[in-house]
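# Structure assessment
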Amino acid sequence: MKKHTIYKTLTLIALTLYSLGSIAQETNSDDSDDSEMMEKKGFHFGFFIGPYWANKYTANLYNGYGLDANGAQNEFINSYINRKINFEYSGVDPNTGASNGQLDQIAQALGVDPAATGSNTWHFGPSDMPQNMHYTIAFLVGLNARYSMDKQNAIILNVNASKLKVVGNFTIQTDVNPNSNQLNAGVNTFDIIGGEQRMIFQFGYARILGDNKRANFFMEGGLNATLAKFDKNYIVIKNLKIDLTQNYTTPGYGSPTTNVYFPKRIGIGFGAFAGAGFNITMSPKWTVQLLYDITYDKVNIGVNPVYKFQHQTGIRAYYNF
């Protein structure tokens, strides 16, 4: 879904809510006094939901290369995905290059003849490694609270969570089958997928800009903390799913040496956030906000985490106690 489509949808929802609130106000005698519609001092609790755009910097943690003993990205020969495809699932002994007597599951998934020493029917090499690793648009959901000190100023606390998906693609070459009408070798593209969990904590200050009884712009900002956790990593070759997660969690698994560097798979990073939006007082009890936030924080997993921008937008609804 494109960003401008999401923005249009959220704007339409906000305008609809505002219109409904106006109608309800006109027809409800209990709310006839506009002074009751102003923000009130005290605690307000609610929820948030909206799309989240994660920076792709940490997506390369899921690219199938893995890390060597010094924390640098593996060369192709020792990469996790290479050892899975060319040895563990191919029926080939990694030490001799000869058949180990096991089923060639890669050939079976591709629908080609099994690989035999010196006569492979499929090939996976350095140029086939995953490319274009990135996060897809995710959704944040969470619980938000504020303490309104007066009609315009508030202290806010937000706790939002998201499950992110990382995607990229790799290729496997297949040879011409002499028993078919195929004329050219094939380049087959498949998916590599990662999963990540994030919980975002925000503590800061918000201010209503204006004194309209119903609708005003607002701004917010403060400190941000992001707790991130590596969740999963796998590749899919047609109907064959190959898990790479074990390489990251079991010392020495799938590697020619047990002296392997394992990236941090869970960590918390700190930063700041700022945002702006539209505050709509629906009734004396309910307030709805349409907002956009940008965070500048460190997703503290993988190797050499750095500060990057992340973006989120959505709808927040408060119940005014």
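Our subject is the structure listed above.
Attention in this report is confined to the structure presented alongside it. Because the structure is predicted, anything quoted here is derived from the model rather than measured.

## Topic: the nonpolar core
- Ile-85, Ile-106, Phe-124, Phe-170, Ile-172, Ile-235 and Ile-237 are the most contacted members of the largest nonpolar core, which totals 41 residues.
- Here this core gets five residues from one element, more than from any other, and that element is strand 7 (residues 215–237).
- Excluding its chain neighbours within four sequence positions, the residues that come into contact with Ile-235 are Ile-81, Ile-85, Phe-170, Asp-191, Ile-192, Leu-240, Lys-241, Ile-242 and Leu-244.
- Among the nonpolar cores identified, the runner-up in size contains six residues, and Ile-280, Val-288, Leu-290 and Ala-317 belong to it.

## Focus: the packing of aromatic side chains
- Scanning all chains against the criterion turns up ten aromatic pairs.
- Ring centres 4.7 Å apart and planes at 40° place the aromatic pair Tyr-296 and Phe-309 in the tilted group. In this pair, Tyr-296 sits in strand 10 (residues 286–298) while Phe-309 sits in strand 11 (residues 307–320), placing the two residues 13 residues apart along the sequence.
- Given a relative accessible area of 39%, Tyr-296 falls into the partly exposed group.
- One aromatic cluster in this structure is built from Phe-76, Phe-124, Phe-170 and Phe-190.
- Positioned over the ring face of Tyr-234 is Lys-241, at 4.2 Å from the centre of the ring.

## Some words on the side chain of Asp-293
- With respect to the element layout, Asp-293 can be found in strand 10.
- For the buried residue Asp-293, which engages in no salt bridge, the nearest side chain bearing the opposite charge is Arg-316, 4.5 Å off.
- Ignoring sequence-local partners within four residues, the contact set of Asp-293 consists of Gln-202, Glu-220, Phe-273, Ala-274, Gly-275, Ala-276, Gln-310, His-311 and Gln-312.

## Digging into the pairing of strand 10
- Inspection of the sheet shows strand 9 (residues 266–281) paired to strand 10 by ten bridges, in the antiparallel sense. By the bridge assignment, Ala-272 is partnered in strand 10 with Tyr-296.
- A loop of four residues connects strand 9 with strand 10, the two strands running antiparallel in sequence.

## Let's talk about a nonpolar patch on the surface
- On the surface, a nonpolar cluster with roughly 620 Å² of combined accessible area is contributed by Phe-47, Ile-49, Phe-139, Val-141, Leu-143 and Trp-286.
- Going through the elements one at a time, strand 1 (42–53) and strand 4 (138–148) are the ones with two or more residues in the nonpolar patch.

## Notes on helix 2 (residues 80–88)
- Of all the nine residues making up helix 2, eight are buried; the element is thus mostly covered by neighbouring parts of the structure.
- Among the residues of helix 2, those classed as buried are Tyr-80, Ile-81, Asn-82, Arg-83, Lys-84, Ile-85, Asn-86 and Phe-87.

## Remarks on unusual backbone geometry
- We note that Asn-132 has phi near 55°; this positive angle belongs to a residue other than glycine.
- Mapped onto the elements, Asn-132 comes out in strand 3 (residues 131–135).
- One non-glycine residue with positive phi stands out, namely Lys-238, at about 55°.
- With respect to the secondary-structure elements, Lys-238 resides in the loop between strand 7 and strand 8 (240–243).

## Observations regarding the pattern of salt bridges
- Applying the stated criterion across every chain yields a total of three salt bridges.
- Of the charged contacts, one joins Glu-196 and Arg-198 as a salt bridge, the two residues approaching to 2.7 Å between their closest N and O atoms. One exposure class covers both Glu-196 and Arg-198, and it is buried.
- Across the pair Glu-220 and Arg-316 runs a salt bridge, and its minimum N-O distance is 3.0 Å. Placement of Glu-220 in strand 7 and of Arg-316 in strand 11 is noted, with a sequence separation of 96 residues between them. Assigned by exposure class, Glu-220 and Arg-316 land together as buried.

Each value, and the rule that gives it
- Residues numbered from 1 in each chain as written.
- Predicted model: local features only at pLDDT ≥ 70, side-chain atom pairs only at ≥ 80, totals over all residues.
- Heavy atoms only, no water.
- Core = buried A, V, L, I, M, F, W, Y, C linked by side-chain atoms within 4.5 Å.
- Buried < 20%, exposed > 50% of the residue type's maximum accessible area, 1.4 Å probe, protein only.
- Helix = DSSP H or I, 4+ residues; strand = E, 2+ residues; numbered from the N terminus.
- Contact = heavy atoms within 4.5 Å.
- Phe/Tyr/Trp six-rings, centres within 6.5 Å; stacked < 30°, edge-to-face > 60°.
- Lys NZ or Arg CZ within 6 Å of the ring centre and 35° of its normal.
- Lys, Arg positive; Asp, Glu negative; His and termini not counted.
- Salt bridge = Lys/Arg side-chain N within 4 Å of Asp/Glu carboxyl O.
- Pairing = 2+ DSSP bridges.
- Patch = residues over 30% accessible without salt bridge, like charges linked within 9 Å, V, L, I, M, F, W, Y side chains within 5 Å.
- Areas by Shrake-Rupley, 256 points an atom, 1.4 Å probe, with all protein chains shown as cover.

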